[in-house]
Amino acid sequence: WYQRRVREPKVVFAVLPGGYHYLHVARPQPLVDLETAMLDSNYGRELITGDKDSGYFRLHLNQYHSVETITCLSKDPFEVSNITQIFGLHQQFMNSLEDRFD
């Protein structure tokens, strides 16, 4: 039996009513309620900036400190391919992002 490892993320991008640009990048996996997922001791942590008015950006770092999911909501257009490049990247490769966030 052979199990294929998926390395490419699932990318969802849309322009929403009101001119909002939405992006969600995640590992392909069965859908799990966020609150339930956060109860798992191996969930990791979230780095969140902004809000729905100024723009929202959320990085979920897994227990190994690598980018597990990316969510972005912005009134301004952004380059999707630039943001998707950080999927799976360890936070140390982003200039110790966790240390600078705290």
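Residues numbered from 1 in each chain as written. Predicted model: local features only at pLDDT ≥ 70, side-chain atom pairs only at ≥ 80, totals over all residues. Heavy atoms only, no water.

Topic: the confidence of the model for the protein chain
Of the residues in the protein chain, 94% have a pLDDT of 70 or more, and the chain-wide mean is 88. The element-level mean pLDDT for the protein chain is lowest in helix H1 (residues 34-38), coming to 82, with strand E1 (residues 10-16) highest at 96. (pLDDT = per-residue confidence, 0-100. Helix = DSSP H or I, 4+ residues; strand = E, 2+ residues; numbered from the N terminus.)

A few points about the environment of Asp 76
If you trace the backbone, Asp 76 turns up in the loop between strand E5 (67-74) and helix H2 (80-84). Considered as a pair, Asp 76 and Ser 54 are 22 residues apart in the sequence and their alpha carbons are 9.8 Å apart.

With respect to the pairing of strand E4 (residues 55-61)
Within a regular strand, the side chains alternate between the two sheet faces. With 5 of 7 residues buried, E4 lies mostly within the body of the structure. As consecutive antiparallel partners, strand E3 (residues 45-51) and E4 are separated by 3 residues. Two strands pair when backbone bridges link them, and E4 and E5 are joined in this way by 6 bridges, in the antiparallel orientation. If you follow Tyr 56 over to E5, its bridge partner there is Leu 73. (Buried < 20%, exposed > 50% of the residue type's maximum accessible area, 1.4 Å probe, protein only. Pairing = 2+ DSSP bridges.)

Here we look at the pattern of salt bridges
Enumeration according to the criterion identifies 4 salt bridges in this entry. Put simply, Arg 27 and Glu 68 hold a salt bridge, and the shortest N to O gap is 2.7 Å. Of this pair, Arg 27 sits in the loop between strand E2 (20-26) and H1 while Glu 68 is found in strand E5, placing the two residues 41 residues apart along the sequence. You can call Glu 68 buried: its relative accessible area is 13%. Between Glu 98 and Arg 45 there is a salt bridge, with the nearest N and O atoms lying 3.4 Å from each other. Of the two residues, Glu 98 is situated in helix H3 (residues 97-101) and Arg 45 in strand E3; the sequence distance between them amounts to 53 residues. Accessibility expressed as a relative area gives 27% for Arg 45, which makes it partly exposed. What emerges from the salt-bridge pattern is a single network uniting Arg 45, Glu 98 and Asp 102. (Salt bridge = Lys/Arg side-chain N within 4 Å of Asp/Glu carboxyl O.)

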